[in-house]
Amino acid sequence: MSHQLINHSPDIKRLRDEGYEVEIRSSYLLISSVPYLNSKKEIKFGTLVSELTIAGESTGKPNTHVINFIGEYPCEKDGTIISQIQHNSSNRKLANTIIVNHSFSNKPAAGYKNYYDKMTRYIEIISAPVKSIDDSITAQTYKVIESEDTESVFNYLDTNSSRAEIINISDKLNNQKIAIIGLGGTGSYILDFITKTPVQEIHLFDGDKFCQHNAFRSPGAASFDELKGTPYKTEYLKTIYSRMHKNIIIHNENLCQSNIHLIDEMSFVFICIDKSELKEFIVNKLEKFKIPFIDVGMGIDITGDSLIGILRVTTSTEKKRDHVHKKNRIPFSENNDEKIYSQNIQIAELNALNASFAVIKWKKFYGFYQDLENEQNSTYTLNVNMLLNEDNDT
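In this text the structure is predicted, and so the values were computed from the model without any measurement.

This part is about the overall build of the protein. When you go through the protein residue by residue, the secondary structure sums to 13 helices and 16 strands. With respect to the three principal axes, the spread of C-alpha positions in the protein is 85 × 50 × 45 Å. Expressed as a percentage of its 394 residues, the buried residues of the protein come to 48%. Across the protein, every contact between residues at least 6 apart in sequence was considered, and the portion connecting residues at least 24 apart equals 66%.

Here you go:
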């Protein structure tokens, strides 16, 4: 992927062809062996690190004029810092293998047209004091640097995370195998959100076909021809989301006793079904396998000429599971509440909101978001706009 991006981007290719040590790593553009003087007037070599803006298969205009630097602070010939580019000096982890020490700011009136202009301008400023001492010292080493070309789970670089400088936080979600059981409204939105994370695999379980009513409570917009083909939900959604994420594995079947082994090695499971007797069986197995999971529920009813309802997200981990059974947070048998909500009303924005709550909680569990409440059950009541947290795990 990285080599293809360089070859398709005239600005980065020009940098490489002119002898700069160009590398693409964790969706950042790096140039190494940039000469500079430190405060002791010693010649050192540092690395420039820039965000990458991608437009299709090539780079776009840089998103920011600011750049990061690995090394000591570059100085003038007299040992004073190059103040014209001073921005921020603090050690920051951009990715597992990228820790920067400084950031610099030098903004042309119209910004930088491309990455060639941006990178060479900073090299010119940083290396000028060295050049004045020895003109033969240059960043153009013609040393070939192999850009990382690891097997990414994405079909293109995650420049959203690199632009926001949260690659190291996103990496907390790496290597997970996620299962989504049920791809109705809420399950399909969970898939939408999970697809945009670097989890290793996403397993989809649903034996139902994608019908016309599903189109009105799922992300995106199905075409009439797609609906006429009545594909399985798993097949329809994989076609869409495999454009971004490579490792979407589909199971055109409902999870049951005969195939429950398929979730043995999952890292985390989202349960998005409303069949209570099947749900109890799945929950018991997940607890036996010591797999953390989230169960979502939604009950919407008509009152007069308006809708009311409650959204629920229940989390179960090795640290706390008793609330699931003792407090009956997850319905395992038909009760009055289920009878009230027997119409199974679902609205796209409520499905999306319920999915958002679930995915946010999952990300909190792995440290992506800070979690100060540690609630294991939360409900959102629509008509009074109330979010209630219960069953704290501490």
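Having seen the structure, we can now continue with the description.
Attention shifts here to the side chain of Glu23. When you line up the elements, Glu23 lands in strand S1 (residues 21-25). A distance of 3.0 Å separates polar atoms of two side chains, one belonging to Glu23 and the other to Arg25.

A positive phi angle, close to 70 degrees, is found at Ser27, a residue other than glycine. If you trace the backbone, Ser27 turns up in the loop between S1 and strand S2 (28-37). Of note in the backbone geometry, Glu165 takes a positive phi value of approximately 60 degrees without being a glycine. Since its relative accessible area comes to 30%, Glu165 is described here as partly exposed.

Strand order in the open sheet formed by eight strands is S11-S10-S9-S12-S13-S14-S15-S16, with mixed pairing between adjacent strands. If you trace the sheet from one side to the other, it starts and ends with strand S11 (248-251) and strand S16 (386-392), each paired once. When the angles between neighbouring strand axes are averaged without regard to direction, this sheet yields 15 degrees. As judged from the eleven bridges shared by strand S13 (residues 293-303) and strand S14 (residues 306-316), these two strands associate in the antiparallel manner. Each bridged residue has a counterpart across the sheet, and for Ile302 the counterpart in S14 is Leu307.

Taken together, Val384, Met386 and Leu388 make up a surface patch of nonpolar side chains, about 260 Å² in accessible area. Checked against the element boundaries, Val384 lands in the loop between strand S15 (375-381) and S16.

Turning to the state of the cysteines, a few remarks are in order. A covalent bond between the sulfur atoms of two cysteines is referred to as a disulfide. Taken as a whole and judged by the stated rule, the model has zero disulfides. The thiol of Cys256 is not disulfide-bonded; the next cysteine sulfur, from Cys272, is found 17 Å away. Residue Cys272 is classed as buried on the basis of its relative accessible area, which comes to 14%.

So, about the pattern of salt bridges. The tally for this structure, following the rule as stated, stands at 20 salt bridges. Close ionic contact of Arg25 with Glu23 constitutes a salt bridge, the shortest N to O distance being 3.0 Å. The burial state of Arg25 is the same as that of Glu23; both residues are buried. As a salt-bridge pair, Asp295 and Lys279 come within 3.1 Å of each other at their nearest N and O atoms. With Asp295 in strand S13 and Lys279 in helix H10 (residues 276-289), the pair connects residues that are 16 residues apart, well separated along the chain. You can call Asp295 buried: its relative accessible area is 0%. Taken together, the salt bridges that share partners define one network made up of Lys13, Arg16 and Asp17.

Every α-helix carries 3.6 residues per turn, so stepping three or four residues along brings you back to the same face. The end-to-end C-alpha separation of helix H3 (residues 115-133) is 27 Å, in line with the 27 Å expected for 19 residues at 1.5 Å each. Among the residues of H3, those classed as buried are Tyr115, Tyr116, Lys118, Met119, Thr120, Tyr122, Ile123, Ile125, Ile126, Ser127, Pro129 and Val130. In this structure Asn114 caps H3, since a side-chain oxygen of it lies 3.1 Å from the backbone nitrogen of Tyr116.

Take the sheet that holds strand S6 (residues 66-70) next. Taken together, six strands build an open sheet; the order of strands is S1-S2-S3-S6-S8-S7 and the sheet is antiparallel. Looking at strand neighbours, the two that pair on one side only are S1 and strand S7 (86-95), the edges of this open sheet. If you compare each strand with its neighbour and ignore which way they point, the axes differ by 35 degrees on average. Here five bridges tie S1 to S2, and the two strands are oriented antiparallel to one another. Bridging from a neighbouring strand, Ile24 pairs with Leu29 of S2. Against the sheet, helix H2 (residues 10-17) makes contact with S1 and S2, and its axis sits at roughly 135 degrees relative to S1, the strand it touches most.

Further remarks concern helix H13 (residues 348-365). Relative to the 26 Å expected for 18 residues at 1.5 Å per residue, H13 spans 26 Å between its end C-alpha atoms, a close match to the ideal helical length. Among all positions of H13, only Ala348, Leu350, Asn351, Ala352, Asn354, Ala355, Ala358, Val359, Lys361, Trp362 and Lys363 are buried. On the buried face of H13, the contacting elements are strand S9 (177-181), helix H6 (185-194), strand S12 (268-271), S13, S14 and S15.

Of all hydrophobic cores here, the largest spans 31 residues; its most connected members are Ile180, Ile190, Ile194, Phe270 and Trp362. Of all the elements in the fold, those that place two or more residues in this core are S9, H6, strand S10 (201-205), helix H9 (233-241), S12, S13 and H13. When residues of this core are assigned to their parent elements, the largest contribution, six residues, is made by H13. Excluding residues that lie within four positions of it along the chain, Ile180 makes contacts with Gly187, Ile190, Leu191, Ile202, His203, Leu204, Phe205, Phe270 and Cys272.

Overall, the prediction assigns the protein a mean pLDDT of 92, with 95% of residues at 70 or greater. Counting contacts from residues 336-342, a segment whose pLDDT is below 50, to residues more than four positions away or on other chains yields eight contacts.

What counts and what doesn't
Residues numbered from 1 in each chain as written. Predicted model: local features only at pLDDT ≥ 70, side-chain atom pairs only at ≥ 80, totals over all residues. Heavy atoms only, no water. Helix = DSSP H or I, 4+ residues; strand = E, 2+ residues; numbered from the N terminus. Buried < 20%, exposed > 50% of the residue type's maximum accessible area, 1.4 Å probe, protein only. Contact = heavy atoms within 4.5 Å. Polar contact = N/O pair within 3.5 Å; in protein donor to acceptor, adjacent residues only side chain to side chain. Pairing = 2+ DSSP bridges. Axes fitted to C-alpha atoms, helices over the stretch in contact; angles between N-to-C directions. Patch = residues over 30% accessible without salt bridge, like charges linked within 9 Å, V, L, I, M, F, W, Y side chains within 5 Å. Areas by Shrake-Rupley, 256 points an atom, 1.4 Å probe, with all protein chains shown as cover. Salt bridge = Lys/Arg side-chain N within 4 Å of Asp/Glu carboxyl O. Disulfide = S-S within 2.5 Å. Expected span 1.5 Å × (residues − 1). Core = buried A, V, L, I, M, F, W, Y, C linked by side-chain atoms within 4.5 Å. pLDDT = per-residue confidence, 0-100.

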